[in-house]
Amino acid sequence: MFKELRPWLLTLLAVALFSVPIFAQDVTVTGKILDENGAGLPGANILLKGTTRGTNSDGEGKFSIAVPSTGGTFVISSVGYLPKELNVSAATSNVNVGLEPDVRSLNEVVVTALGIERSAKSLTYATQQIAGKQLTDNRDANFVNTLSGKVAGLVVSQGAAGPGSAARVILRGNRSITGNNNALFVVDGVPIDNSLLGQVASDFGGSNSSDGASNINPDDIESMNVLKGAAASALYGSRAANGVIMITTKKGKAGQISTNVNSGVTMESPFLLPKVQNEYGQGSAGATGTGASSWGPKTTTYPNNISDFFRHGVSTNNSIGISGGTDKIQTYTSYTNNYNQGIVPTNNLMRHTFNLRISSQVTSKLSVDAKITYVNQKIDNKQLTGEASNVMQLYKIPRSVDLDTYRNYEGSDGYPTYWTTSSIYTNPFWNIHKNTGQEKRNRITALGSAKYQLASWLSVQGRISYDRYDDVVTNRTANNSLGGLPGGSYSDYQNNVLERNLDVLLSGNNKLGKDFVLSYNLGAGQTHREYSQIGGNAGGLTVPNKFDLSFARTLTKIADYSERELQYVFGTASLSYKDFITIDASARNDWSSTLPKPYSYFYSSFSGNVILSEAIKMPQWISFAKVRGSWAQVGADTDPYRLNQNYTFYQGGNGGGYISRDNTQPATNLKPEISSSTEFGADLRFFNGRLGIDATYYVSNTVNQLLSLGKAPASGFLSQYINAGKIRNKGFELTLTGKPIKNGKLNWDVTLNMARNVNTIIKLDPNIKSAFLSGGYGRTASPIVKEGGSYGDLVGYKWLRDAQGRFVVTAPDADGKNGGKPVSTATQDEKVGNFNPKLTAGLNNAFSYGNFVASFLVDARIGGQMTSGSQAILANDGNADYTTNFRDGGWVIPAVTTTGEVNTTPINAETFWTTASGGRYSWAEFFTYSTTNVRLREVTVGYNIPVGEKFFFKSARVSFVARNLFFIYRGYATMDIPGIAKRKLPFDPDVTLGSGNYQGVEYGTMPSTRSIGLNLKLSF
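It should be emphasised that the depicted structure is a prediction, and the values quoted were computed from it without experimental measurement.

Engineer: Can you walk me through the overall build of the chain in this structure?
Structural biologist: In terms of regular secondary structure, the chain is built from seven helices and 53 strands. Here the C-alpha coordinates of the chain stretch approximately 105 × 65 × 65 Å along the principal axes. The long-range fraction of contacts in the chain, counting pairs at least 24 apart against all pairs at least 6 apart in sequence, stands at 68%. Just so you have it, the chain exposes about 41,500 Å², and 55% of that area is on carbon and sulfur atoms. Computed over 95 positive and 78 negative side-chain charges, the separation of the two mean positions in the chain equals 4 Å.

Engineer: Explain the sheet that holds strand β52 (residues 1001-1002) to me, please; I cannot follow it from the model alone.
Structural biologist: For sheets, the rule is that strands pair by backbone hydrogen bonds, running either parallel or antiparallel. Here three strands make up an open sheet; going across it, the order is β48-β46-β52 and the pairing mixed. Looking at which strands have only one partner, the edges of the open sheet turn out to be β48 (928-930) and β52. Here three bridges tie strand β46 (residues 865-868) to β48, and the two strands are oriented antiparallel to one another. Paired with T867 across the bridge in β48 is T928.

Engineer: Would you take a moment to explain the pairing of strand β36 (residues 691-710) for this structure?
Structural biologist: Regular strands have side chains that alternate between both faces of the sheet. Where strand β35 (residues 673-686) meets β36, 13 bridges bridge the pair, whose relative direction is antiparallel. Each bridged residue has a counterpart across the sheet, and for F686 the counterpart in β36 is L691. Linking β35 back to β36 in an antiparallel pair, the connection comprises four residues, with F687 at a positive phi of about 55°. The sheet contact formed by β36 and strand β37 (residues 719-742) spans 19 bridges and is antiparallel. By the bridge assignment, Y698 is partnered in β37 with G731.

Engineer: In this structure, what is going on with the packing of aromatic side chains? I would like to understand it.
Structural biologist: The geometry of an aromatic ring pair comes down to the distance between the two centres and the angle between the two planes. Scanning the model with the defined rule gives 36 aromatic pairs in all. An angle of 80° between the planes, with centres 5.5 Å apart, marks the rings of F309 and F310 as edge-to-face. With relative accessibility at 8%, the residue F310 sits in the buried group. The interplanar angle of 85° and the centroid separation of 6.0 Å between the aromatic rings of Y929 and F987 together place this pair among those described as edge-to-face. Taken as a pair, Y929 in strand β48 and F987 in the loop between β50 (955-970) and β51 (991-992) lie far apart in primary sequence, 58 residues in all.

Engineer: Help me understand the pattern of salt bridges in this model?
Structural biologist: A pair can form between side chains of opposite charge whenever their charged atoms are brought close. Scanning the model with the defined rule gives 39 salt bridges in all. A salt bridge links D188 to R357; the nearest nitrogen and oxygen atoms lie 3.3 Å apart. Residue D188 is located in the loop between β13 (184-187) and β14 (190-191), and its partner R357 is located in strand β22 (residues 348-361); the two are separated by 169 residues in the primary sequence. Just as D188 is buried, R357 falls in that class too. Where K371 meets D188, a salt bridge forms, and the shortest distance between an N and an O atom there is 2.7 Å. Linking K371 in strand β23 (residues 366-380) with D188 in the loop between β13 and β14, this pair joins segments that are 183 residues apart in sequence. Through salt bridges with shared partners, one network takes in D188, K251, R357, D369 and K371.

Engineer: I tried to follow the packing of helix α6 (residues 869-876) against helix α7 (residues 909-917) on my own but got confused; where do I start?
Structural biologist: What describes two packed helices is the angle between their axes and the distance between those same axes. Close contact between α6 and α7 brings their axes to 8 Å; oriented N to C, the two are set at 150°. By the angle between their directions, the pair α6 and α7 is classed as roughly antiparallel. Considering how the two elements wind past one another, α6 and α7 form a crossing that is left-handed. Of the residues in α7, those touching α6 at A872, A875 and N876 are W913, T914 and S917.

Engineer: What is the right way to look at the sheet that holds strand β11 (residues 154-159) in this model?
Structural biologist: Spatially, three strands are ordered β12-β11-β51 in an open sheet, and the strand pairing comes out mixed. A single partner strand is all that each edge strand has here, and the edge strands are β12 (167-171) and β51. Bridge count between β11 and β12: five bridges; the pairing is antiparallel. Looking across to β12, one finds that L154 is bridged to L171.

Engineer: I'm lost on a nonpolar patch on the surface in this one. Help?
Structural biologist: Residues V265, V941, F960, I1012 and L1014 make up a contiguous nonpolar surface patch of about 390 Å² in total accessible area. For V265, the position within the fold is in strand β17 (residues 255-270). By relative accessible area, V265 is classed as partly exposed at 37%.

Engineer: In this structure, what is going on with the nonpolar core? I would like to understand it.
Structural biologist: A general tendency of soluble globular proteins is for nonpolar side chains to be buried together. F912, W913 and F926 are the most contacted members of the largest nonpolar core, which has 72 residues in total. Of all elements in the fold, only α3 (390-395), α4 (428-434), β36, β37, α6 and α7 reach the threshold of two or more residues within this core. Beyond its immediate sequence surroundings of up to four residues, F926 is in contact with W799, P822, F912, A916, M975, I977 and R983. V151, L154, I216 and I247 belong to the second largest nonpolar core, which has 22 residues in total.

Engineer: Just to check I follow, could you spell out the side chain of T992 for this structure?
Structural biologist: Examined against the element boundaries, T992 turns out to sit in strand β51. Given a relative accessible area of 4%, T992 falls into the buried group. In this structure the side chain of T992 is engaged in a polar contact, spanning 2.8 Å, whose partner is the backbone oxygen of G994. Those residues in contact with T992, other than ones at most four positions away along the chain, are S157, Q158, G159, A160, Q999 and T1005.

Rules and cut-offs
- Residues numbered from 1 in each chain as written.
- Predicted model: local features only at pLDDT ≥ 70, side-chain atom pairs only at ≥ 80, totals over all residues.
- Heavy atoms only, no water.
- Helix = DSSP H or I, 4+ residues; strand = E, 2+ residues; numbered from the N terminus.
- Contact = heavy atoms within 4.5 Å.
- Areas by Shrake-Rupley, 256 points an atom, 1.4 Å probe, with all protein chains shown as cover.
- Lys, Arg positive; Asp, Glu negative; His and termini not counted.
- Charge placed at Lys NZ, Arg CZ, Asp CG, Glu CD.
- Pairing = 2+ DSSP bridges.
- Phe/Tyr/Trp six-rings, centres within 6.5 Å; stacked < 30°, edge-to-face > 60°.
- Buried < 20%, exposed > 50% of the residue type's maximum accessible area, 1.4 Å probe, protein only.
- Salt bridge = Lys/Arg side-chain N within 4 Å of Asp/Glu carboxyl O.
- Axes fitted to C-alpha atoms, helices over the stretch in contact; angles between N-to-C directions.
- Parallel < 35°, antiparallel > 145°, perpendicular 65-115°, else oblique.
- Left-handed = near helix turned anticlockwise from the far one by under 90°.
- Patch = residues over 30% accessible without salt bridge, like charges linked within 9 Å, V, L, I, M, F, W, Y side chains within 5 Å.
- Core = buried A, V, L, I, M, F, W, Y, C linked by side-chain atoms within 4.5 Å.
- Polar contact = N/O pair within 3.5 Å; in protein donor to acceptor, adjacent residues only side chain to side chain.

Right, dumping it as structure tokens:
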């Protein structure tokens, strides 16, 4: 694929090189942009009026720009300030320009759906912006993880597979039972593929695929706008039902060449490991033994035999971006290298990102824009989750076993060394060195657009985008591995994803009389997507550890293919009256190949706002006041091939084979999933902009959920997809902004984001009253949907209670034994919690004093529960810190027996915990924890190094950066066990088994990391 694209790359590079500006008859004007306090204002835009020639002020507000010898007019603008024009002549060499704050942000421009730019004050729905510079100091291998706490109503969960893990991004709650709940990522007006091709669907664990959003390079981001509700995102159709994260990337600017370098290094270590006891050693019943548990006698232990497995991770980022251009053509090009050494040895990520963007004003009416981005990524030994994970193998180590003894993971017989015998668990060092995997990705995204100004009030734009990535995945299991095949096993396959988007957009803007302005957009488009998978799996190898499909004892093909297409037309209209009343309307019709004929579904939106501060006279202390409201619908189709009967061919016999029919009956009458949303909001600014409040209340209802209905065996099928159900999400979002201190030297800005979402399953189907979100009953707890409940309710076994709420234990048998042990409920259908937080919040403080800048982010997750399979295993083995109580017995649990008597039978800790944990299949209630937590998420302290006007660098900043420094507060186990102290949340709830709909269970997940490092930014 790279060979095919090489001529494109060379052509674009040649254009970029020849676009270097040459101003033979120009003069250079330097200057400084000042804020209302006389301090330098960084990031201001200076544009030569009537041209595309411009530049930005540096970190101290300074700028330099070439001006024709005939002079010209500067148009100077900055977010939050009123624009200003300044005439300059050939004799002008240096200017200082002061800008006045625009407390109403009337001229702030934001990018909305389809890349349409609008004035922020005219928006009739809730959005929230993030500047690109907020994403480039404190970094993560997946930049999506750095959004936590920065947007009201946005909840990010990170994967547990180490560097390269997929992230889950939820806006305003979960809507779909079997579909996708992730927000849509849109770059420069065009959706990008963010497929999650394979995510863990139960607590049995396994491997997770990488996502697409992690390939977005934060160094290329100019700004980000989060479209939260259906009214904001309806124009993107099916894929935007869960909200849209709009990303605008950097462009070249006319003027002299500018270069920006961003380089950083961080050290990482496990953020939170489980607390273990360090008194008792290997054995059982208080006696020394060779088993897997730590129920032996008091002895010498190795306190760090879990933490010593992990290494210090190292992450480096090095990015360079170059911008330049003339009046006619502008170029931006960049290269970024990211290296992440994970905390598990042999787990690494290397990513190279090349970006080239060329914009040209071909004529006074025609402009074009082209961009190509190439990503080359390699992940070594992405970690498994669940019971098979290396973390779970590690947690099994008895407390008196020295981990260093087993770093020599291979014995003289060629088998893994291990501290006991097991048919399930093995030496984690064997796994990371002998059972290895690798994922290589090559991704090309290309965008081309042309815009023609038909008249001063009318333009037409056409766009085409191409997004393709190829993942080559290999997995090796060595000979003699536990549960392995003779000679070992090997799989080698390739996933290919291609998405192409085409659209045309007609945009107009007309004045209707003196007071009315009508803006409108009409368009049509097509999205085509293909997915293919091809490869093979070697079930055993004829030559031990010869990892090649040619040496397979049994070769099984890996193959899959799907294709889908979406065609659509849309229209929007915005009518404003005297610039203080705006009414919006939009409509879209989709035709999806995944739905039955006529393939069509229609939806629309209506919204409006009133700027009260311009409509009526208000007190002087109210700087700006706007109220808004909207109603909108968004449709969503389904996955391909659910309308037809599917068959699978299997090889067998002597060169023959057989065909197997899918056990799911086709859903011939499938309907699109529809989400309807109503929202009301207000945007208020006080005291000349020193205090701001943006509040939104919303209600959304999603119907036509896709459910699997069980069928009678006599029908010939086990299940059938049906449309049913109604899910409601309602809640509020609140963003408070303030400037408590603002003077020439010291400035303090504060932003508080808060959100609450309440989810209710209104109804499912007369034949389906509850359904699993993914998979079925597992080892710990299972997330479900149930009529009258909430999305993500967790069910599992609980400790049985009598009618008076007292715990129930076993009655002694005829020999007076086996009494006093906990008794579980009869089924796993008991509710133990819900994985969704009740409230999320983020508090960001930013300070500047002279050349010093600092910021810190505290975020909070209030409410919600998760069940820990890791804690069940640690308790079962006597490794958890709370298993030291009652080791010698005498534990009489205040309870009643199954026969109704008061319990008088003492037991010991081993009896209690091995009963409650259930071995590998635990009783959920005992190991369910409140995920309420407040943490210091990010800290940045920087210094702007003073540079002279003639120095090589325009600006330089060095910063100390840190993420996940510590918990300020974390929750406790939801069950208080008599005689045992309250158990604090022992894992990071941000980390999940996978990024699909199966959530709420922790089982062998990698610990999140704490990172501390330095970052250097240079501009010249």
